[in-house]
Every structure is written in C-alpha cells, then in structure tokens.
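Inside the fold
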Amino acid sequence: MARGKLRIYLGAAPGVGKTYAMLSEAHRRVERGTDCVVAYVEHYGRPRTEVMLHGLEQIPCRELEYRGATFGEMDVDAVLRRAPAVALVDELAHTNIPGSRNAKRWQDVEELLAAGIDVISTVNIQHLESLGDVVESITGVRQRETVPDEVVRRAGQIELVDMSPEALRRRMAHGNIYKPDKVDAALSNYFRPGNLTALRELALLWVADRVDEYLTEYRTEHRVSTIWGSRERIVVGLTGGPEGRTLIRRAARLAEKGAGGEVMAVYIARSDGLTSASPKELAVQRTLVEDLGGTFHHVVGDDIPAALLDFARGVNATQIVLGSSRRKAWQYVFGPGVGATVARESGPDLDVHIVTHGEVAKGRGLPVARGARLGRTRIISGWLVGLAGPAILAVLLNTVDLGLANDMLLFLAVTVAAALLGGLLPALASAALGSLLLNYYYTPPLHRLTIADPKNIVAIAIFFGVAVSVASVVDLAARRTHQAARLRAESEILSFLAGNVLRGETGLEELLERVRETFGMESAALLERAGDVEPWTCAGRAGFGPTLERPEDADVDMPIGDHMALALTGRVLPAEDRRVLAAFAAQAVVVLDRRRLQEEADQARALAEGNRIRTALLAAVSHDLRTPLAAIKAAVSSLRSDDVAWSEEDQAELLEGIEEGADRLDHLVGNLLDMSRLQTGTVTPLIREIDVDEVVPMALGGVPEDSVDLDVPETLPMVAVDPGLLERSVANLVENAVKYSPNGQRVLVSASAIVDRVEVRVVDRGPGVPDEAKDRIFEPFQRYGDAPRGAGVGLGLAVARGFAEAMGGTLNAEDTPGGGLTMVLSLRAAASRPGALPLGESSTEPERQTQC
C-alpha cells in the first residue's frame, strides 16, 4: 500500500488561522469529490472556526477518563476503519491523555500515513523540537509539547499561515482567539509585539530553509548549473593568510544587509594535499566564521579560480569576497592572479568584491606549494629558456670572440637556468642544443658537425655531463620537496583524524563530510552488508546526488574488510590519494563501531537500571510489603478465633492495627506505582493555575494532627502546577520529615514568594543529612542511616523530586539552622509564565472545547 501524503499548515503563534485554513482546504477537496473527514479538530469556542466544521463528516472522539475528568482524543481505530482518502488532524504536537493508543498525536498521524491515508495537520513553530531553546529564550516558556523536526520535514507540503503581530493582537482584542476574561493577560504576556515578531521571524526563516532545501534538490536532480539568486549567499575565498579575518568580517556585514544572508568561507587546497596555509590560522578563521553564523569548507582543486567558481555555483552563491593580492609588482609577470581571474570568469550572475587589507603587496609570508612538481608556469619558462636561450646566445657570441672556454661556460649557464626553471627535460634539451651549437659554431672545423681536436670532444662531453647532472639535481630536489610537502599534508590529515576520534568529537556524518570536502567529491557514503549475497545498506552519507546502492556504482570505492566499503562520487581519484582515503575509510569504521557500542552501552545501562529497580522491588516486596500483610493477617486471625473472648478495647486495638497496616500497604504500593511511572516517562502533568493554600493542607492528611505547623499565606501568587502531583510531593516530604523528627518537635510547612517563584519549605529538627548525601537521598530505594526495613522502601523523596521536575519545579535539601533538614520545593508562579494562555490549547487543559 502506498504511503499517504502529509500536508502541514505552520503558524507562528496561536490564532493566526491554521485550523481555519485547514478546514477551508477540506471544503475545497469535498467540493472536488474527495473523501475527506475530520478526524480531530479543536475550535476553542471560536465561532468562525466552528462554522467551518459544518458540512464535513466528523469521526467521534474516543472518551478517556483521567484524574476524575473526561477528555476526548482522536479515535485512531475508527479512522482506520473508515479509511477516508484525506483525514484532518489538528495540533500535530499534542500529547495524548494516558491510556491512548500512542503517547503523541504525531505518532497517530504516522499510523494513518502508513495505512495510505493522506493527512492535513497544523502545528505552531514553537512546538518544533529543535527550536525549544530559542523559543524559551524569546517567551520565557519551555514548550513541553514538541514534535520532531524530521516528522515535519517529511511533509509533502508545508504551508505558512502568516499574520502580522498587529493584526493578531487586534484579533485577540476582538475576542476572536480567547475568552474576554483572558484577553488582557494574553496581550500583556505571550502576545506582546516583541514575542510575536520574533516568533514570526523564526517561522519565516524555518520555512525559507525548507524551501531552500527543495530548491537544492531540484537543481541537483535537473543538473542546473546557473545561479538562481533566490537569496544572498556570500562565498569568502581564503588563502590561509592573516587577511582572511578581515574578509570574513566584511562578508558578514554584507550578509547582514540582506534578509537571510548566508556566509560560506572556503579554503581551496591543491589535489595532492599540499597547502600554503598555516593550519593554526585556518583553525582561527574557521572559529571566526562559525561564531558569525557562517560555515567553513575545505575544497580540493588544482586550478584555484576554477575551483572557487565551481564551488560558488554549486552552492548557488550570489557574491564572492576576495582579498587584494599579496603579491609584489614583479610577480604579476607570472599571471594576473586569482582575484582578476575570478572577476573575469565569474560571468553576469556572480558579483566579485575585491577587499583591501593590511597585507596588500607585502608578498606571501607563507611558502607557496605547487600541485605539480615545478608548476606549469615554471615548466613553460624552462622550455623557453632551454630552447630559445642557446639560439639567442649563439647569435650574440657570433659578434664577439670570447674563446671556447668562455663560450662553453655561457652555454652551461643557460642550461643551468633552464634546469632551475623547468627541471630535467628542458635542461636536457638545452644541453643537447647547446652541444650542437658549440660544435657547429665554435669548434674547428667551423660550421660542420665534426670535431678535429680530441680535446674539444672531451670539453663538450664534460659540458653535457655537467648540464645533465645539474638538471637531475634540480629535478630530484623538486620531487623530494613535493614528496615532503605531500607527506606533511597527509600527516596533518591523519593527526586530525586521530585526534578527533580519540576525543570523540567527530560523528560519522561529519567525518564523511570531511572526506567529501578534502577530495572535492559530490558525495561520500559508508556502505555495509551482512553477507556476501546480502544487499548493501547505507550506514552514513554526506553530500548530494542520488543515493548509492552498491560500491560499484561509485566513481571511487575503498573496500574495508569483506562487507564494508567507502564510496565516493564526483571524479576519479589518482592512485596516490588512495592512501589517505584508506585512512579515512578505516576511521569511518571506527566511528561507526563507536556509535554502535555507545548505543549498546546505553541499552545495557537501561537494562542494568531496570534490573536494579526490579531487584529493589523484589527486596521491598519480600519484607516491607510482607510486614504489614503479616500484621493484618495476625489481627484478622485473632478476631476470628473462637478460643479467646476479646474485649471491646482489644477488638478496637486489633482493628486499628489492621487499618494502619492497610494504610502502610496503600502508601507503599502508591509509591511503587509512582516510581514506575517516573521510570517509564509516563507522567503527564495537567498544568493549571491554583493557590498553594488550596493544595498544601490536603497533603497533611496522612500525618498526626499535632505534628505539623502550617504557615502558608493567602496572599501568595498562584502557581502553575498539577494539583495532584503537588499534593503527592508535599505529602511525601511531610511524612518523611515527621518520621525523622524527634518526639515533641513539630514539622514546619511554610510558603513564600521569591521573584517569579513560590517556595514551599518543609522544615524538621531531625538528625539532618551530610552535604555529600543530600543528592543521594533523592535516589530510589535509599534509606537514611540505619532506618529499619519497616520504615518504607525508600521511594518517597525520589517520587517527590520526580513529580516536582515533571511540573517544571525543583526540589533540593538544605540544612535547617540549629539542626535538622529543610526540603525546598520551588514552583513557577503563574504570573511568570507568559506562555500559560497558549498552553491552554494543549491536550492537558481540562476546560478545553473539543470538536471531533
């Protein structure tokens, strides 16, 4: 069955019209004859949204009871049985009520898509998982209901429902979003103009990035090489010199002038790995560009201008920033330079900025590495000197007679010059041509290729031998320099790999991206298979282009053992590069193994923790639960015995023992169940605003009446908590404090407001806890000191902290002045939660209005 398609309406804030737009699309599809149903939609009492539901088939909700209230959730089974062509599912990031089919609504949607049903849904930008920290910094609220970014990215269509902050605030003021009694609080908190503007920008940029991804995929699939200036992308060409910092800052300023501007710094090394840059300086420049929000790229290419232009066109750049040349004036005789060449060949679609800096015309402070042994320019110059030099010298010497010895020295000088410039072959040609000219013009008989005097034969032979020897030495020095530089570059790469792996800083995808950039490839993938006849699978990939299915389909493949291979596409590598590629391949396997070992270690750790919990539970059941059961059993057996005539006082005492044992069992089982919920992550707080003085007194029912002093002012601000979880937390803290308090010493429970928080303090005068044990007492199954087995299973404080953190609060232990222990439960004041009203759209809001 073909998988269904997902369409998402994305908004910057509640009330922009996502649900209305989704219902409008549903009406359009119904008019076209599409089988479309409403699987779940919330209108929050907004009349215009509610009207849009008329005329659409609606699947009834599944009613669930939780904490004494009834909630409606999407009935996934009913939708699957109905099997419509299109289902409308509101609020993709919603958290389902415990007892639902899935924990999250996006998981429900995944089931519908897997069944071949198209889904139209809605989500706000603040609910994307990757933006949680950003949204919290803007609004001051940590969003607890999130959806993984990958779920949204996989949508076939993402449509932004946009509205200006002014228009949204007008809608709020007119009562089109919230009820009138909540409008003022919303406008002064979450719906402030600054908040809405920042969230709107976040939504626009996120959608723009997704559009950019689609554009890149389209250009790659259709092999579009021309630049489409859809947004400003600025490429900074770096040489590794100190002027790079100036260029990066200049490019960042250019990017700031255009919305969504992006800076990409690129350093181009030659294909053999030789570098003229300082690794330390490149590291500094990489850090600088990343601090300014850009990216750093390392590209391989022999022709630097061509490689730079190819990179710029490949990333759809619109501008290139280069520095003025550091070459001195006389060095321009070897060519116009990179800047002039790039400007000449950039074409009409790329703007080139040449930026001046303090290093202009000061010469290269770093050694210039050559991709070939001597470089193209030097080789051409060597051939010109080697062929034209002897001829010109012969013409000049015909006008003056210096003697054969001087003539030979001059021809030798020309040969040495050809060797210094062009290496062995131009020098050999110069030596051969020079020998012929010396024989023809300057050794008797003149103008004939014969030699009368044997001494002249020896002289010419020595001349030729010296010329060849000098040329060989120059060529050998060039090759040794080339090899040394290449080995140095290889050692730097291998050192980088070893250091990153030892420090655990590089993931598999980052390492493959490094491979791709180092060798100038389009893509790099690590393929593996289980056996010789099994199909290949991709363990990790970087770059663009079609996904490789076999190593044979790649331009370069590096086998790693029998069942793994590193595959690259883009060009064929020379044999000398495969040595470094092999090191990358081996390192990729190490990284993959480390990642899998880490996953196995995490699983083993989870299993070990589960085993520890089970062992502790067995220990608790074996004694702490059997003790009250034994007491209850004994009391019941005594009451039923006919051998003893019990007085009314004795019967009352036995019944009281039964009741106490039952209460202990209820308390122990309750803590065990709560700890199990915390361990499995199924605690979903129902946050609402409430006064502390309404909850704390209810938590004191399990302790003697004269054991606690209560000091909770009625003037405290309201707190945003789950009342049930707060009551359980305070009850556990009070019971623990009473247990360890000396006889006659009451426990003090007080509350106070501090800035934007409300603190509940439970103070006892017991033995206290050392500083090194204050965190350990909150771990499960921990008893303090020599507490007997019958004192409980050691879960009270662990449950209290778990519930506190689930509500967004904290629980810590402090020393009581004068002796004892103080438990400090810190809760968020409702007034400090500017996102309280938008969170009202959450699944956990008891007073919501639901339409399914």
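Before reading on, note that the structure itself is shown above.
This structure is a prediction, so every number in the text was calculated from the model and none was measured.

Okay, the nonpolar core next. Judged by nonpolar contacts, the single largest core of 64 residues is most densely connected at L88, L92, L112, I125, V147, F191 and W206. Among the elements that make up this core, the one with the highest residue count is helix 9 (residues 193–221) (6 residues). The contacts of L112, once residues within four sequence positions are left out, are M74, V76, V79, L80, A87, V89, I117 and V119. Among the nonpolar cores identified, the runner-up in size contains 43 residues, and L700, V703, V747 and F803 belong to it.

On to the sheet that holds strand 16 (residues 556–560). As summarised here, the arrangement of the 4 strands in space is 15-14-17-16, forming an open sheet in which the pairing is antiparallel. Each of the sheet's edge strands pairs with one partner strand only, and the pair in question is strand 15 (537–543) and strand 16. When the angles between neighbouring strand axes are averaged without regard to direction, this sheet yields 15 degrees. The pairing of strand 14 (residues 523–528) with strand 15 spans 6 bridges and is classified as antiparallel. What sits directly across from L526, in strand 15, is G540. Sheet strands in contact with helix 18 (residues 508–518) are strand 14, strand 15 and strand 17 (564–569), and its direction is about 55 degrees off that of strand 15.

Take the environment of I117 next. Residue position: I117 is located in the loop between helix 4 (105–114) and strand 7 (118–124). Given a relative accessible area of 3%, I117 falls into the buried group. For the pair I117 and A87, spaced 30 residues apart in sequence, the C-alpha separation works out to 6.9 Å. The contacts of I117, once residues within four sequence positions are left out, are G4, K5, V79, L80, A83, P84, A85, V86, A87 and L112.

So, about a nonpolar patch on the surface. On the surface, I379, W383, L387 and L425 cluster together to form a nonpolar patch covering roughly 350 Å² of accessible area. Per element, the largest residue contribution to the nonpolar patch is 3 residues, and it comes from helix 14 (residues 376–397). Considering the arrangement of structural elements, one finds L425 in helix 16 (residues 424–442). Classification of L425 by relative accessible area gives exposed; the value is 55%.

Moving on to the packing of helix 15 (residues 404–422) against helix 16. Close contact between helix 15 and helix 16 brings their axes to 8 Å; oriented N to C, the two are set at 165 degrees. Taken as axis vectors, helix 15 and helix 16 run roughly antiparallel relative to one another. The two elements helix 15 and helix 16 meet at a crossing, and its hand is right-handed. Across the interface between the two elements, L404, D407, M408, F411, V414, T415, A418, A419 and G422 of helix 15 pack against L424, P426, A427, S430, A431, G434, L437, L438 and Y442 of helix 16. Here the contact of helix 15 with helix 16 is composed, by residue class, of 13 nonpolar, 4 polar and 1 charged.

Here is what the cut-offs are and how they apply
- Residues numbered from 1 in each chain as written.
- Predicted model: local features only at pLDDT ≥ 70, side-chain atom pairs only at ≥ 80, totals over all residues.
- Heavy atoms only, no water.
- Core = buried A, V, L, I, M, F, W, Y, C linked by side-chain atoms within 4.5 Å.
- Buried < 20%, exposed > 50% of the residue type's maximum accessible area, 1.4 Å probe, protein only.
- Helix = DSSP H or I, 4+ residues; strand = E, 2+ residues; numbered from the N terminus.
- Contact = heavy atoms within 4.5 Å.
- Pairing = 2+ DSSP bridges.
- Axes fitted to C-alpha atoms, helices over the stretch in contact; angles between N-to-C directions.
- Patch = residues over 30% accessible without salt bridge, like charges linked within 9 Å, V, L, I, M, F, W, Y side chains within 5 Å.
- Areas by Shrake-Rupley, 256 points an atom, 1.4 Å probe, with all protein chains shown as cover.
- Salt bridge = Lys/Arg side-chain N within 4 Å of Asp/Glu carboxyl O.
- Parallel < 35°, antiparallel > 145°, perpendicular 65-115°, else oblique.
- Left-handed = near helix turned anticlockwise from the far one by under 90°.
- Nonpolar A, V, L, I, M, F, W, Y, C, P; charged D, E, K, R; others polar.

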